[in-house]
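# Examining the three-dimensional arrangement
Take a look at the letters that make up each chain.
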Amino acid sequence: MVEPPGMSRLLKLLLLVLLAVGVALPTAYSTFIHSERDIVIGAHEAKVQPNFSGYARIDSGTLIPRIRLPAEAPLRLGIDIRLGDSEVSNLEQLVVRDAVIASQPQGEIAAIRSTVTSMLADAAMRGVGAAALAVLFAVLAWRAIGQQRRRTIWASTRRPRLGQVLGAAAVGIITIGALVLVAAPERPRADDAAWVPIDSVFPELPTDAVLDKVEIAEGASTSGSRALVQGALETYRTSVAFYGKLAKSAATAEVRAPLAAETTALVVTDRHDNIGMDPVARAIADRAGASLLIDLGDDTSNGASWEAFSLNSLAREFRDFEIVSVAGNHDTGGTVSKQMEDKGFTVLDGEPVMVDGIRFLGNSDPRSSGLTAGYNGNESDNIAAIRAQDTELTELACEDGEISVIAVHSPSSAKRAAASGCADLVLSGHLHRQVGPTVVTGSNGRSTTTLSTGSTGGAVYAVALGSKLRGEPKVTIVTFAEGRPVGLQPVSFEPGGIIRVADYTPITTTPR
């Protein structure tokens, strides 16, 4: 009986698909579980490696007990996190800082998830590439053998010799064995069975939605490490309780709601790593109906790579917002600006730009670039750089003639720009206290409103990270109509948890 041509082609296609899947899946799996990435988590350099344990396992080194908690990911996907070096040399200070960051973990979780997704995509691409090569090799081999030789081979298989049978069996066994070794599930580590709930080691812990899921390596707690962990847990609980209560209060704050034709933006500045205030700021933004975030810089204390957690948190909390930003004088070097760009922020760079229907102009603090001596360097160089930036922004604003908002870190970067009358609103931070709003009439007869918002992190000097507020944080709600600012409403938070909403201040803009 002659086999139908259509059936023959379908069978060939099916065999090629099976070959592709048989090569792609083991290759992708093996690549994925053996891959490893270097990232920054909290205050640490770290290495992450995926597994299929269903847990996120965190190894902080010999002095701190290992912990794990459910990853709550599909297919029992888990991850091993090995924390490495940190710029903080004091172990007790480092543990406390880690505890504060852990109290607002969503930014770091998002960064880890993004890393694992990237590793999975790379593994999938390698699997697809291997499958494509296997299919190509099979097709070329099929054609190279030729129809006559294939018939001869097929005929010989009907009455095979003993050597052929043994050879085929050996090839099959080796192939299957290799696939099993490559694709076999990860063997559990010897210490995986020695995990106990953390409250069995620290029975004084109160009920907590996160800590109730945490397990600790049994027998890993010494008297020294126990004291460190106990202090970290206390800091964690204090931070969660304080900022959680403040965020709930912010969600009911009486702020002005925008009218039908208006939009609102939230201004944050000088956060200085205090990620605890991010959910609080988001709650105010939601109350005001905001869809735009204006970040005026100093998100970190010194622009170090380990401070990536600060930008991770801000990006995660305002993930559905348009974000306009500049770097501050403490965001030294290019790390912060690059992180902002990588996270999709619109980083102002001295050129006018339209965002959410609003025309912005601004630039990062020149002391952040590393091209001057920096905030702790030669003062005359810093002053000259600030003045040069002010001159440049003034010329650009007046040449453009349509600027609604000039956004800078330091008010000194836009003094002349404000006095020129070539913009409706000048927003700045840097001073860690509110200055304004003040109305200036420019030489062109147009009015400009200026406002310096106080530190959103409640920073004292360049430090804000902690389980409680150090100073009095502030944010500002800016209301826009047809792309131009029409009102300001500052909101402040006292260290005792009291929220004070200032009166709404209308902005009268001059016709252009």
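Rules and cut-offs
- Residues numbered from 1 in each chain as written.
- Predicted model: local features only at pLDDT ≥ 70, side-chain atom pairs only at ≥ 80, totals over all residues.
- Heavy atoms only, no water.
- Pairing = 2+ DSSP bridges.
- Helix = DSSP H or I, 4+ residues; strand = E, 2+ residues; numbered from the N terminus.
- Axes fitted to C-alpha atoms, helices over the stretch in contact; angles between N-to-C directions.
- Contact = heavy atoms within 4.5 Å.
- Patch = residues over 30% accessible without salt bridge, like charges linked within 9 Å, V, L, I, M, F, W, Y side chains within 5 Å.
- Areas by Shrake-Rupley, 256 points an atom, 1.4 Å probe, with all protein chains shown as cover.
- Salt bridge = Lys/Arg side-chain N within 4 Å of Asp/Glu carboxyl O.
- Buried < 20%, exposed > 50% of the residue type's maximum accessible area, 1.4 Å probe, protein only.
- Core = buried A, V, L, I, M, F, W, Y, C linked by side-chain atoms within 4.5 Å.
- pLDDT = per-residue confidence, 0-100.
- Arc of directions from axis to C-beta.
- Phe/Tyr/Trp six-rings, centres within 6.5 Å; stacked < 30°, edge-to-face > 60°.
- Lys NZ or Arg CZ within 6 Å of the ring centre and 35° of its normal.

## Overview of the sheet that holds strand 16 (residues 435–441)
Spatially, 6 strands are ordered 12-13-14-15-17-16 in an open sheet, and the strand pairing comes out mixed. One side of each edge strand has no neighbouring strand; the edge strands of this open sheet are strand 12 (353–355) and strand 16. When strand polarity is set aside, the average angle formed by the axes of neighbouring strands in this sheet is 25°. Two strands pair when backbone bridges link them, and strand 12 and strand 13 (residues 358–362) are joined in this way by 3 bridges, in the antiparallel orientation. In the sheet register, V353 faces strand 13, and the bridge partner there is F360. Against the sheet, helix 11 (residues 379–400) touches strand 13 and strand 14 (403–407), its axis set at about 155° to strand 13.

## Section: a nonpolar patch on the surface
Taken together, the side chains of L11, L14, L15 and L18 make up a nonpolar region of the molecular surface, amounting to roughly 390 Å² of accessible area. For L18, the position within the fold is in helix 1 (residues 5–33). According to the relative accessible area criterion, L18 is exposed, its value standing at 53%.

## Some details on the pattern of salt bridges
Following the criterion strictly, the structure yields 16 salt bridges and no others. Linking D122 and R37 is a salt bridge whose minimum nitrogen-to-oxygen distance equals 2.4 Å. In this pair, D122 sits in helix 3 (residues 106–145) while R37 sits in strand 1 (residues 37–41), placing the two residues 85 residues apart along the sequence. Residues D424 and R484 are paired through a salt bridge, measuring 2.8 Å at the closest nitrogen-oxygen approach. Of the two residues, D424 is situated in strand 15 (residues 423–428) and R484 in strand 19 (residues 484–493); the sequence distance between them amounts to 60 residues. Each member of the pair, D424 as well as R484, is classed as buried. Each of the salt bridges in this network shares a partner with another, and the network as a whole consists of R271, D278 and D299.

## Looking at the nonpolar core
Core analysis: the biggest nonpolar cluster contains 33 residues, and L266, I284, L293, F318, F345, V475 and F493 have the highest contact counts within it. Looking at this core, the elements that each hand over two or more residues are helix 7 (223–250), strand 8 (262–268), helix 8 (278–287), helix 9 (308–317), helix 10 (335–342), strand 18 (474–481) and strand 19. Setting aside residues up to four positions removed in sequence, F493 forms contacts with L246, M277, V280, I284, L469, G471, E472, P473, K474, V475, I498 and I499. Within the second largest apolar cluster, 20 residues are counted, among which are V267, V355, V478 and F480.

## So, the confidence of the model for the protein
On average, the protein scores 80 in pLDDT, and the residues at 70 or more come to 75%. No element of the protein has a lower mean pLDDT than helix 5 (residues 162–183), at 54, and none a higher one than strand 9 (residues 292–295), at 97. Per-residue pLDDT stays below 50 along residues 1–7; that stretch engages in 1 contact with residues further than four places along the chain or on separate chains. Considering only residues more than four positions removed or in separate chains, one finds that residues 183–191, a stretch of pLDDT under 50, has 12 contacts.

## Some words on helix 10
All buried positions along helix 10 are accounted for by V336, S337, Q339 and M340. Down the axis, helix 10 shows its buried residues gathered within 160° of arc, on one side only. Residues of helix 10 that are exposed and point more than 90 degrees away from the buried face comprise K338 and D342. Buried residues along helix 10 sit against strand 9, helix 9, strand 10 (322–325) and strand 11 (346–347). Once helix 10 finishes, G344 follows within two positions and takes phi at roughly 90°, a positive value.

## As for the packing of aromatic side chains
Here the structure, examined in full by the defined rule, presents 4 aromatic pairs. Aromatic side chains F32 and F52 sit 6.1 Å apart centroid to centroid with 65° between the ring planes, which places their arrangement in the edge-to-face category. A residue pair is termed long-range when its members are at least 10 positions apart, and F32 in helix 1 and F52 in the loop between strand 2 (44–51) and strand 3 (55–59) qualify at 20 residues. Taking relative accessible area as the criterion, F32 reaches 4% and is therefore assigned buried. Relative to F321, the ring of F318 lies with its centre 5.1 Å away and its plane at 80°, an arrangement referred to as edge-to-face. Using a relative accessible area of 11% as the deciding quantity, one classes F321 as buried. Here the aromatic residues Y29, F32 and F52 are joined through ring pairs into a cluster of three or more. It is R68 that lies over the ring of Y55; its NZ or CZ is 3.7 Å from the centre. Above the face of the Y504 ring, R256 is positioned so that its terminal group lies 4.1 Å from the ring centre.

## Focus on the sheet that holds strand 4 (residues 67–70)
Within a sheet, neighbouring strands are paired by backbone hydrogen bonds and run either parallel or antiparallel to one another. Spatially, the 7 strands line up as an open sheet ordered 1-2-5-3-4-7-6, and their pairing is mixed. The sheet is open, and its two edges are formed by strand 1 and strand 6 (195–197), each paired on a single side. Across the sheet, the mean angle from the axis of one strand to that of its neighbour is 30°, orientation sign disregarded. One ladder, built from 3 bridges, connects strand 6 with strand 7 (residues 215–217); its direction is antiparallel. Paired with V196 across the two strands is I216, which belongs to strand 7.

## Things to note about the pairing of strand 14
Of all 5 residues that make up strand 14, 5 are buried, and the element is covered over most of its length. Direction of pairing for strand 13 relative to strand 14: parallel, over a ladder of 3 bridges. What sits directly across from G362, in strand 14, is A407. As paired elements, strand 14 and strand 15 share 4 bridges and run parallel to each other.

## Some thoughts on unusual backbone geometry
It is generally the case that most residues other than glycine have a negative phi and that most peptide bonds are trans. Put simply, G436 and P437 share a cis peptide bond, and its omega is 5°. Take P437: it is sitting in strand 16. A positive phi is found at H430, a non-glycine position, where the angle reads about 75°. Of the residues examined, H430 reaches a relative accessible area of 23% and is grouped as partly exposed.

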